[in-house]
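Structural overview for review
What follows is the residue order along each chain.
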Amino acid sequence: MYNGGKIIAGLVVFLAIFLFPFYYNFGKANAKPEPKLNTPVIQQLAEKKCVESKDFMRQEHMQLLNDWRDSVVRDGNRIYVNAEGKKFTMSLQNTCLNCHSNKKEFCDSCHNYMAVKPYCFSCHIQPKEDKS
Amino acid sequence: MKIVLPLVAVIVLVVIAFAGVGIAGMQFLFGVLIPYAAIAVFILGFIYRVISWSRSPVPFSIPTTAGQMKSFPWIKQNKLDNPSSTLGVIGRMALEVLLFRSLFRNTKTELRDGPTITYGSEKFLWIAGLAFHWSFLIIFIRHFRFFMQDVPLVIRMIEGLDSFLQIGVPLLYLTDVVLLGAVTFLVFRRLSMPLIKYISLPADYFPLFLIMGIAITGILMRYFTKVYIVGVKELVIGLLSFQPVIPDGIGVIFYIHLFLVSTLLAYFPMSKLMHMGGVFLSPTRNMANNSRAVRHVNPWNYPVHVHTYAEYEEEFREKMKKAGLPVEKE
């Protein structure tokens with residue numbers, strides 16, 4: 001091996017960078033977020049169901065909220081008809097946050113885990129939570 | 001054929017992942033076993049390639065000399081293009097790795113009427129290469145938000161800068177657009193220039209199509225057919241902490257993306273992509289041009305027994321004197 005010292009040092013740097021996710025996570029438990037659904041309003045619901053199915057909401061809620069915003073702000077249309085034909089008022093504060101009044105335990109739990117920072121509440125008023 | 005074969009290969013890879021997960025339900029194979037195997041091949045293969053390169057001797061001092069070398073004190077040396085010290089070599093290497101200076105010097109040759117040959121500057125390869133590599137690096141760093149449970153500020157800042165135009169939801173990343181644009185340009189460059197097309201091999205097209213596939217599946221997953229992203233992070237963290245889990249409800253498109261990335265990792269050490277490590281080991285780049293000051297000894301020189309004239313005279317002095325030959329020492 002020629003110039004062994006320099007080449008080994010280079011390889012060590014390479015390994016330190018590429019194996020970083022492994023030794024960073026080594027021995028850490030997978031802290032999976034569990035968004036809480038136990039708000040008073042949800043508990044009083046006869047049928048505990050969001051405006052769309054759980055799978056849809058889990059994957060597409062950001063798209064839905066964006067579409068709602070465009071529909072309300074640009075077209076003045078506040079009525080949303082879901083896949084089952086049920087009608088809802090398109091409103092983050094009066095529809096979504098009416099049930100999900102626990103932003104910290106609901107919205108933030110996944111958003112923090114994924115390091116996502118939606119800008120909903122730079123315009124909307126944050127819900128007042130009892131536990132802060 | 002040289003173009004169709006790698007394209008078909010990438011399509012087949014997509015189909016394998018789609019059939020394996022979407023139809024046969026082999027989430028564990030595509031989500032855990034193949035990524036682990038690919039990472040092992042990548043790391044071990046990379047080390048093997050670098051070690052095997054380090055075994056090759058460099059017989060001559062062969063740095064490229066693209067400027068005025070160190071000479072008399074009143075002649076100005078070009079320290080970055082013709083370095084004579086280790087510091088200069090590091091500077092030149094850094095500029096090469098970070099800014100691709102040698103591609104900046106890329107020229108095109110044209111035969112005009114006359115006939116005369118003209119040489120002109122050709123910067124598109126440089127700019128597209130730079131855009132491609134830098135956006136790939138930023139995308140890789142950005143992915144650390146899936147690799148770390150508490151995402152550090154630096155990564156959140158890079159992500160914020162990358163999406164600062166706030167187009168659509170989820171926010172559009174500029175690097176996604178730049179990467180796809182640059183890689184498309186690099187493919188069309190090979191296809192449109194006859195000379196480049198002639199020397200292009202399947203091994204040149206395959207990585208481009210593969211990276212294009214990775215970018216397209218990633219973009220689809222973020223902006224079009226969404227996946228259950230919390231499940232994705234759970235799977236990735238499970239892999240990295242050696243406690244593999246397969247959460248339910250992640251879309252097939254994620255497994256296609258992961259399979260293409262695994263293919264890229266496994267393919268890396270046995271392909272031209274090794275230029276990532278190889279650029280640091282190129283003698284034309286990593287040697288100082290100091291051959292007038294420091295003697296470069298060929299490491300595989302045969303050990304020749306040298307018999308100097310002084311020793312020769314010592315041995316034959318008496319006989320030389322008798323024969324009337326001149327000697328240096330009496």
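Residues numbered from 1 in each chain as written. Chains lettered and ligands numbered in written order. Predicted model: local features only at pLDDT ≥ 70, side-chain atom pairs only at ≥ 80, totals over all residues. Heavy atoms only, no water.

The secondary structure content of chain A amounts to six helices and two strands. For chain A, the N- to C-terminal ordering of α and β elements is α-α-α-α-β-β-α-α. Here the C-alpha atoms of chain A give a radius of gyration of 23 Å, more than 25% beyond the 14 Å that 2.2 N^0.38 yields for 132 residues. Across its three principal directions, the C-alpha atoms of chain A cover 75 × 35 × 30 Å. (Helix = DSSP H or I, 4+ residues; strand = E, 2+ residues; numbered from the N terminus. Rg over C-alpha atoms; globule rule 2.2 N^0.38 Å.)

A few words on the overall build of chain B. When helices and strands are counted, chain B shows 15 helices and two strands. What you see for chain B is a C-alpha radius of gyration of 28 Å, clearly larger than the 20 Å of a compact globule of 330 residues, by over 25%. Viewed in the frame of its principal axes, chain B has a C-alpha envelope of about 100 × 60 × 45 Å. When the 330 residues of chain B are sorted by exposure, 39% land in the buried category. Taking the contacts inside chain B whose residues are at least 6 apart along the sequence as the reference set, 64% of them involve residues at least 24 apart. Surface summary for chain B: the accessible area is close to 19000 Å², and the carbon and sulfur share equals 71%. Measuring between centres, the 30 positive side-chain charges of chain B sit 5 Å from its 19 negative side-chain charges. (Buried < 20%, exposed > 50% of the residue type's maximum accessible area, 1.4 Å probe, protein only. Contact = heavy atoms within 4.5 Å. Areas by Shrake-Rupley, 256 points an atom, 1.4 Å probe, with all protein chains shown as cover. Lys, Arg positive; Asp, Glu negative; His and termini not counted. Charge placed at Lys NZ, Arg CZ, Asp CG, Glu CD.)

Bringing a nonpolar patch on the surface into the picture now. Residue and element names in this part refer to chain B. Where nonpolar side chains cluster on the molecular surface, the patch consists of L98, L99, W134, L137 and F140 and spans about 430 Å² of accessible area. Of all the secondary structure elements, the ones that give two or more residues to the nonpolar patch are α3 (86-99) and α5 (124-142). If one sorts the elements of the nonpolar patch by residue count, α5 sits on top with three residues. One can find W134 in helix α5. (Patch = residues over 30% accessible without salt bridge, like charges linked within 9 Å, V, L, I, M, F, W, Y side chains within 5 Å. Salt bridge = Lys/Arg side-chain N within 4 Å of Asp/Glu carboxyl O.)

Once that is clear, we can look at the interface of chain A and chain B. With 32 residues of chain A at the interface, the matching set in chain B holds 50 residues. Both sides together, the interface formed by chain A and chain B hides about 3800 Å², and carbon and sulfur atoms give 68% of it. Sorting the residues of chain A by area buried against chain B places Y2, F22 and M114 of chain A first, and these three jointly supply 18% of that buried surface. Applying the counting criterion to the chain A and chain B interface returns one salt bridge. The shortest N-O distance in the salt bridge between K226 of chain B and E60 of chain A comes to 3.8 Å. (Buried area = accessible area lost by both parts, 1.4 Å probe.)

Moving on to helix α10 (residues 202-224) of chain B. For α10 of chain B, built from 23 residues, the straight-helix expectation of 33 Å at 1.5 Å per residue is met to within 8% by its first-to-last C-alpha distance of 31 Å. Extensive coverage of α10 of chain B is indicated by the burial of 17 of its 23 residues. (Expected span 1.5 Å × (residues − 1).)

To continue, consider the nonpolar core. Judged by nonpolar contacts, the single largest core of 67 residues is most densely connected at F46, F132, F147, L210, L235, F254 and Y255 of chain B. For this core, the element with the most residues is α10 of chain B, which contributes ten residues. The residues contacting Y255 of chain B, other than those within four sequence positions of it, are A17, V21, Q27, F30, G31, L235, I246 and I250 of chain B. Listed in part, the seven residues of the second largest apolar core include V51, V72, Y80 and M90 of chain A. (Core = buried A, V, L, I, M, F, W, Y, C linked by side-chain atoms within 4.5 Å.)

So, about the pattern of salt bridges. Throughout the structure, instances matching the rule amount to 18 salt bridges over all chains. The partner of K86 of chain A in a salt bridge is E47 of chain A, and the shortest N-O contact between them spans 3.4 Å. A residue pair is termed long-range when its members are at least 10 positions apart, and K86 of chain A in the loop between β1 (79-81) and β2 (87-89) and E47 of chain A in the loop between α3 (40-44) and α4 (54-75) qualify at 39 residues. For E47 of chain A, a relative accessible area of 46% translates into the label partly exposed. A salt bridge links E313 of chain B to R317 of chain B, with the nearest nitrogen and oxygen atoms 3.1 Å apart. Taken together, the residues span about one helical turn, with E313 of chain B and R317 of chain B both in helix α15 (residues 309-322) at a distance of four residues. Residues E313 of chain B and R317 of chain B agree in their burial class; the two are buried. Taken together, the shared-partner salt bridges in this structure form one network comprising R69, D70 and R74 of chain A.

The next thing to look at is the state of the cysteines. With the rule as written, the count across this model stands at zero disulfides over all chains. Cysteine C99 of chain A is unpaired, with the sulfur of C50 of chain A as its nearest cysteine sulfur at 7.4 Å. (Disulfide = S-S within 2.5 Å.)

Attention shifts here to the packing of aromatic side chains. What the rule picks out here adds up to 26 aromatic pairs over all chains. Note on F104 of chain B and W126 of chain B: the rings are 4.7 Å apart at their centroids and 75° apart in plane angle, and the pair reads as edge-to-face. In this pair, F104 of chain B is assigned in helix α4 (residues 101-104) and W126 of chain B in helix α5, connecting sequence segments 22 residues apart. Between Y312 of chain B and F316 of chain B, the ring centres sit 5.1 Å apart and the planes meet at 55°, which makes this aromatic pair tilted. Here F316 of chain B and Y312 of chain B lie together in helix α15, a separation of four residues that amounts to about one turn. The exposure class assigned to F316 of chain B is partly exposed, which follows from its relative accessible area of 27%. Taken together, the ring pairs in this structure connect F14, F18, F20, Y23 and Y24 of chain A together with F42, F46, F140, F144, F147 and F268 of chain B into an aromatic cluster. Positioned above the aromatic ring of Y228 of chain B is the side chain of R58 of chain A, whose terminal nitrogen or guanidinium carbon lies 3.5 Å from the ring centre. (Phe/Tyr/Trp six-rings, centres within 6.5 Å; stacked < 30°, edge-to-face > 60°. Lys NZ or Arg CZ within 6 Å of the ring centre and 35° of its normal.)

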